[in-house]
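Residue-level listing of the chains:
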Amino acid sequence: IFLSLIFYYLIRVVFHWEVIRAYGVLLAFFTTFTFITDLGLQISYLKYFAESRNSEEEAIYNGTFLYFRLFQFFIYIILMIILIQITPYEGNIIAVYLFLIAILFAASTIFEPILLSKKEAFNRILGPIVSSFLKNILLISLMNYFVTDIFLLVNIILFSHFIYFILNIIFLRKRHIKK
């Protein structure tokens, strides 16, 4: 949380108010519908996973959970593709960028309950910490070399969420998943 506060303070100091406004409006627009990617499956998955008796059942629970979360994720993507036409911002390319950020963030959070199921809280929290740290470092290092506009801000966030997604994939590579 502290790293995010630093990042948002730096955004306020570095960028013009129009960039902050555009970022806030579009981020709020795309995150309004992220409830679709949860719908309570995380709690039920953790409950049933804790009751599993062997690794075969764990693999089946992992596969079932990922199937339903991916289904919800694709519903979210389809809804965002439909709603991107009515984004409250004139620059449609920025809306597409923030749409990619929302997709990467939603895709990264799909795997968090699986990391929690084996009590790997450190692995679950490492992704967001690295992402927040990376956003701060990139913003501090790039603000002097590039024009401080919405493209710089969106690319920094897009890159940090991509690293977050890759870290979660790395942490899940040893998990067994079955139908």
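Right above here is the structure, for reference.
One structure accompanies this document, and this report is about it. The shown structure was predicted, so the numbers you read here are calculated from the model rather than taken from an experiment.

Let's talk about the overall build of the protein chain
Stage number 1. Per the secondary structure count, the protein chain includes eight helices and zero strands.
Stage number 2. Oriented by its inertia axes, the alpha-carbon framework of the protein chain measures out at about 55 × 35 × 20 Å.
Stage number 3. Looking at the 179 residues of the protein chain, the share that counts as buried comes to 41%.
Stage number 4. In the protein chain, the share of contacts with a sequence separation of at least 24, taken over all contacts with a separation of at least 6, comes to 83%.
Stage number 5. Accessible surface computed for the protein chain: about 10,400 Å², of which carbon and sulfur atoms make up 71%.
Stage number 6. Of the side chains in the protein chain, 14 bear a positive and 10 a negative charge, and the two mean positions are spaced by 6 Å.

A word on the pattern of salt bridges
Stage number 1. Under the criterion given, the structure shown has two salt bridges.
Stage number 2. For the salt bridge of E57 with R53, the shortest nitrogen-to-oxygen distance reads 3.1 Å.
Stage number 3. Here E56 and K178 are joined by a salt bridge, their closest N and O atoms 2.8 Å apart. Of this pair, E56 sits in helix α4 (residues 55–83) while K178 sits in the segment after α8 (150–171), placing them 122 residues apart in sequence.
Stage number 4. You can call E56 partly exposed: its relative accessible area is 39%.

Re the packing of aromatic side chains
Stage number 1. Inspection of every chain in the model, using the stated rule, returns three aromatic pairs.
Stage number 2. Between Y67 and F68, the aromatic rings sit 5.3 Å apart at their centres with planes inclined by 70°, giving edge-to-face as the arrangement.
Stage number 3. On the basis of an interplanar angle of 55° and a centroid distance of 6.0 Å, the ring pair of F73 and F74 is categorised as tilted.
Stage number 4. F74 sits in the partly exposed class, given a relative accessible area of 48%.
Stage number 5. A cation over an aromatic ring shows up here: K135 above the ring of F7, its NZ or CZ 5.0 Å from the ring centre.

Quick word on a nonpolar patch on the surface
Stage number 1. A surface patch of nonpolar side chains, about 300 Å² in accessible area, is lined by F122, I125 and I129.
Stage number 2. Tracing the backbone shows I125 in helix α7 (residues 121–142).
Stage number 3. The class for I125 is partly exposed, based on a relative accessible area of 36%.

Comments concerning the side chain of S52
Stage number 1. When you line up the elements, S52 lands in the loop between α3 (41–50) and α4.
Stage number 2. A relative accessible area of 15% means that S52 is categorised as buried.
Stage number 3. With residues up to four places along the chain from it excluded, the contact list for S52 reads E57, E58 and Y61.

Observations concerning the environment of I101
Stage number 1. With respect to the helices and strands, the residue I101 is situated in helix α5 (residues 92–109).
Stage number 2. For I101 and L27, which are 74 residues apart along the polypeptide, the C-alpha to C-alpha distance reads 9.0 Å.
Stage number 3. Each residue touching I101, except ones within four places of it in the same chain, is listed here: V154, I157, L158 and H161.

Some points on the packing of α7 against α8
Stage number 1. One can describe the packing of α7 onto α8 by two numbers: an axis separation of 9 Å at closest approach and a directional angle of 155°. Classified by the angle their axes make, α7 and α8 are roughly antiparallel. With respect to the hand of their crossing, α7 and α8 are arranged in right-handed fashion. Seen from α7, the contacting residues are N123, L126, G127, P128, V130, S131, L134, K135, L138, L139 and L142; seen from α8, they are L152, I156, I157, F159, S160, H161, I163, Y164, L167, N168 and F171.
Stage number 2. In terms of residue class, the contact of α7 with α8 is built from 15 nonpolar, six polar and one charged.

Examining the packing of helix α2 (residues 17–31) against α8
Stage number 1. Between α2 and α8, whose axes approach to 9 Å, the crossing angle comes to 45°. Taken together, the axes of α2 and α8 lie oblique to each other. α8 is crossed by α2, and the crossing has right-handed handedness. For the pair α2 and α8, the contacting residues are V19, A22 and Y23 in the first and I150, L153 and I157 in the second.
Stage number 2. Across the contact of α2 with α8, the residue classes break down as six nonpolar, no polar and no charged.

Analysis parameters
Residues numbered from 1 in each chain as written. Predicted model: local features only at pLDDT ≥ 70, side-chain atom pairs only at ≥ 80, totals over all residues. Heavy atoms only, no water. Helix = DSSP H or I, 4+ residues; strand = E, 2+ residues; numbered from the N terminus. Buried < 20%, exposed > 50% of the residue type's maximum accessible area, 1.4 Å probe, protein only. Contact = heavy atoms within 4.5 Å. Areas by Shrake-Rupley, 256 points an atom, 1.4 Å probe, with all protein chains shown as cover. Lys, Arg positive; Asp, Glu negative; His and termini not counted. Charge placed at Lys NZ, Arg CZ, Asp CG, Glu CD. Salt bridge = Lys/Arg side-chain N within 4 Å of Asp/Glu carboxyl O. Phe/Tyr/Trp six-rings, centres within 6.5 Å; stacked < 30°, edge-to-face > 60°. Lys NZ or Arg CZ within 6 Å of the ring centre and 35° of its normal. Patch = residues over 30% accessible without salt bridge, like charges linked within 9 Å, V, L, I, M, F, W, Y side chains within 5 Å. Axes fitted to C-alpha atoms, helices over the stretch in contact; angles between N-to-C directions. Parallel < 35°, antiparallel > 145°, perpendicular 65-115°, else oblique. Left-handed = near helix turned anticlockwise from the far one by under 90°. Nonpolar A, V, L, I, M, F, W, Y, C, P; charged D, E, K, R; others polar.

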